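One-letter residues, chain by chain:
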Amino acid sequence: QVQLVESGGGLVQAGGSLTLSCAASGRTFSRNAMGWFRQAPGKEREFVATIAWNGGSTYYSNSVKGRFTISRDNAKNTVYLQMNSLKPEDTAVYVCAARDSSGMDVRKIGYNYWGQGTQVTVSS
């Protein structure tokens, strides 16, 4: 049974930093692209960042580009999201996702496996 388990969320002041982790189990994703999405209350789930299977390519939404960094450790079957200069509008549940493909995708439909999410709250 494949599981993606996020951790590292919490409450932080504006301008602060958090690092999220997503640990996969049940199979290896070392040959698969992975991504982060987020969902704020009353809003649709939106793309945040994606990373290719070997970490050689990444892509970010315009709203987080330059502030967030996605990375992965295939030996640990884990993907990370380093979030700096956080803003109140970054408040959301952050969800990790994995694809059955090595290439990146910004679409929700492109992902086959999803975690339950971790809450990030940024206070002003």
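Notes on the structure in this doc start here.

Procedures and definitions
The numbers attached to residues start from 1 for each chain and follow its sequence in the written order. A pLDDT threshold of at least 70 governs which residues receive local features in this predicted model, and a stricter bar of 80 or more applies before side-chain atom pairs are shown or counted, although totals over entire chains, interfaces and linings include all residues. Hydrogens and water are ignored here; the side-chain numbers use all heavy atoms of the structure. Here a Phe, Tyr or Trp ring, Trp counted by its six-membered ring, pairs with any other such ring whose centre lies within 6.5 Å, and the pair is stacked when the planes are under 30 degrees apart, edge-to-face when over 60, and tilted otherwise. A helix here means a DSSP run of H or I that spans at least four residues, while a strand means a run of E at least two residues long, and both kinds are numbered starting from the N terminus. A ring is considered to have a charge above it if a Lys NZ or an Arg CZ atom is located within 6 Å of its centre and within 35 degrees of its normal. Side-chain atoms within 4.5 Å link the members of a nonpolar core, which is a set of buried Ala, Val, Leu, Ile, Met, Phe, Trp, Tyr and Cys residues. Only protein chains enter the accessibility calculation, which uses a 1.4 Å probe; a residue whose area is less than 20% of its type maximum is buried, one above 50% is exposed, and one in between is partly exposed. Note on contacts: a residue pair qualifies if any of its non-hydrogen atoms lie within 4.5 Å across the two residues. DSSP calls a pair of strands paired once it identifies at least 2 bridges connecting them. Between the N-to-C directions of two axes lies an angle of 0 to 180 degrees, each axis being a line fitted to C-alpha atoms and, for a helix, fitted only over the stretch in contact.

Before going further, it helps to examine the packing of aromatic side chains. One pass over the full model with this rule turns up six aromatic pairs. For the ring pair Phe-29 and Tyr-113, a centre distance of 5.5 Å and an interplane angle of 70° mean the geometry is edge-to-face. In this pair, Phe-29 sits in the loop between strand S3 (18-25) and strand S4 (34-39) while Tyr-113 sits in strand S10 (residues 113-114), placing the two residues 84 residues apart along the sequence. Members of the aromatic cluster, joined through ring pairs, are Phe-37, Phe-47, Tyr-59, Tyr-111 and Trp-114. Its end group placed over the ring of Tyr-59, Lys-65 keeps NZ or CZ at 5.9 Å from the ring centre. It is Arg-99 that lies over the ring of Tyr-111; its NZ or CZ is 6.0 Å from the centre.

Glancing now at the nonpolar core. Grouped together as the largest cluster of nonpolar side chains are 27 residues, with contacts concentrated most on Met-34, Trp-36, Leu-81, Met-83 and Tyr-94. Among the elements of the structure, S3, S4, strand S5 (46-51), strand S7 (68-73), strand S8 (78-83), strand S9 (92-98) and strand S11 (118-123) are those that each provide at least two residues to this core. In this view, Leu-81 contacts Leu-18, Thr-19, Leu-20, Trp-36, Val-48, Ala-49, Phe-68, Thr-69, Ile-70 and Tyr-94; residues no more than four positions away in its chain are not counted.

Reading across the sheet, the four strands line up as S1-S3-S8-S7 and stay open at both edges, with antiparallel pairing between neighbours. The open sheet has two edge strands, strand S1 (3-7) and S7, and neither has a second partner. Each strand axis lies, on average, 15° off the axis of its neighbour in the sheet, ignoring direction. Across five bridges, the pairing between S1 and S3 is antiparallel. If you follow Glu-6 over to S3, its bridge partner there is Cys-22.

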